[in-house]
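Residues per chain are reported as follows:
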Amino acid sequence: LVFLNNSNGTINKSNKIPFWKDERYQRVFGLFLIVSAFYLLLAFTSYLFTWTSDDDLYSRPALLSNNVDEIKNLMGHMGALISYIFIKKWFGIASYLFILVFFVSGVKFFLNVKLLPLSSTLKYSFFGIIWISIAISYIFRSPDQLIFGGIFGFEANKWLNGILGNIGTGIALL
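Remember, predicted model here, so these are calculated numbers, not experimental data.

Using the criterion set out here, one finds 11 aromatic pairs in the structure. On the numbers, 5.9 Å between centres and 80° between planes, the contact of Phe38 with Phe103 is edge-to-face. Residue Phe38 is located in helix H1 (residues 23–55), and its partner Phe103 is located in helix H3 (residues 96–111); the two are separated by 65 residues in the primary sequence. Exposure remark for Phe38: the relative accessible area of 46% places this residue in the partly exposed category.

Put into structure tokens, the structure is as follows:
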């Protein structure tokens, strides 16, 4: 924010506040995170029920075509695409922890309320995303079941099995 000096109309730079410290921007950012968390919750949950039909659309060249009737995800093309990336391509159902991070961060910025300690939530959530993805892929090993652990978990599990063996991977995950 920039304030004008009332006496001669010049800009007083000593009162300038960086935009990320301005409470209005923090509230808008917090609201964006909360809305994003709810959007992801609906998109991810819908994807768990519609992934078999929606996944076929991503093998086509025209990803964001006008064939809206083919998308079954409640949140439309964007919800199906985001869910496909987060759940199938990345971390599987462990991606739900991103919703927790977005929601806790959003409430902190929007309402200035501390639901959970933000640093601990970030630390444990990101560790959980990686560990849960690999552990679930250890249990569900078939490439047809990538929705559970994601491609990240599947490939990490395959790599760990190559280095530690099957039993060693299981012990390392404990």
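Its 16 residues give H3 an end-to-end C-alpha distance of 22 Å, which sits within 8% of 22 Å, the value for a rise of 1.5 Å per residue. All buried positions along H3 are accounted for by Phe98, Ile99, Val101, Val104, Ser105, Gly106 and Val107. Those residues of H3 hidden inside the fold are in contact with H1, helix H2 (76–91) and helix H4 (118–139). A positive backbone phi angle near 55° is found at Asn112, which sits one or two residues after H3.

It is worth spelling out H2 at this point. Between the first and last C-alpha of H2 there are 21 Å, a value that for 16 residues agrees with the 22 Å anticipated at 1.5 Å per step. Where H2 bends most, at Tyr84, the angle is about 30°. When H2 is considered as a whole, its buried residues turn out to be His77, Gly79, Ala80, Leu81, Ser83, Tyr84, Phe86, Ile87, Lys88 and Phe91. A positive phi of about 65° marks Gly92, the residue just after H2.

Notably, Asn112 is not glycine yet its phi reads approximately 55°, a positive angle. You can see Asn112 is positioned in the loop between H3 and H4.

To continue, consider the environment of Pro117. For Pro117, the position within the fold is in the loop between H3 and H4. For the pair formed by Pro117 and Ser105, sequence separation is 12 residues and the distance between their alpha carbons is 9.5 Å.

Turning next to a nonpolar patch on the surface. A cluster of nonpolar side chains, Leu100, Leu111, Val113, Leu115 and Leu116, forms an exposed patch at the surface whose accessible area comes to about 400 Å². Its place among the elements puts Leu116 in the loop between H3 and H4.

Bringing the environment of Asn166 into the picture now. Looking at the element boundaries, Asn166 is found in helix H5 (residues 146–173). Here Asn166 falls in the partly exposed class, since its relative accessible area comes to 38%. As a C-alpha pair, Asn166 and Tyr138 span 28 residues in sequence and 8.8 Å in three-dimensional space. Setting aside residues no more than four positions away along its own chain, Asn166 makes contact with Tyr138, Arg141 and Asn161.

Next up on the list: the nonpolar core. Formed by 13 residues in total, the largest nonpolar core has its most connected members in Phe44, Tyr47, Ile87, Phe91, Phe98 and Ile99. Elements with a contribution of two residues or more to this core: H1, H2 and H3. When near neighbours in sequence (up to four residues on either side) are disregarded, Ile87 contacts Phe44, Tyr47, Gly92, Ser95, Leu146, Ile147 and Gly150. The next biggest cluster of nonpolar side chains, apart from the first, holds six residues, and it includes Ile134, Ala135, Tyr138 and Ala156.

Reading the values: the criteria
- Residues numbered from 1 in each chain as written.
- Predicted model: local features only at pLDDT ≥ 70, side-chain atom pairs only at ≥ 80, totals over all residues.
- Heavy atoms only, no water.
- Phe/Tyr/Trp six-rings, centres within 6.5 Å; stacked < 30°, edge-to-face > 60°.
- Helix = DSSP H or I, 4+ residues; strand = E, 2+ residues; numbered from the N terminus.
- Buried < 20%, exposed > 50% of the residue type's maximum accessible area, 1.4 Å probe, protein only.
- Expected span 1.5 Å × (residues − 1).
- Contact = heavy atoms within 4.5 Å.
- Bend = angle between axes of the 7 residues up to and from the residue.
- Patch = residues over 30% accessible without salt bridge, like charges linked within 9 Å, V, L, I, M, F, W, Y side chains within 5 Å.
- Areas by Shrake-Rupley, 256 points an atom, 1.4 Å probe, with all protein chains shown as cover.
- Salt bridge = Lys/Arg side-chain N within 4 Å of Asp/Glu carboxyl O.
- Core = buried A, V, L, I, M, F, W, Y, C linked by side-chain atoms within 4.5 Å.

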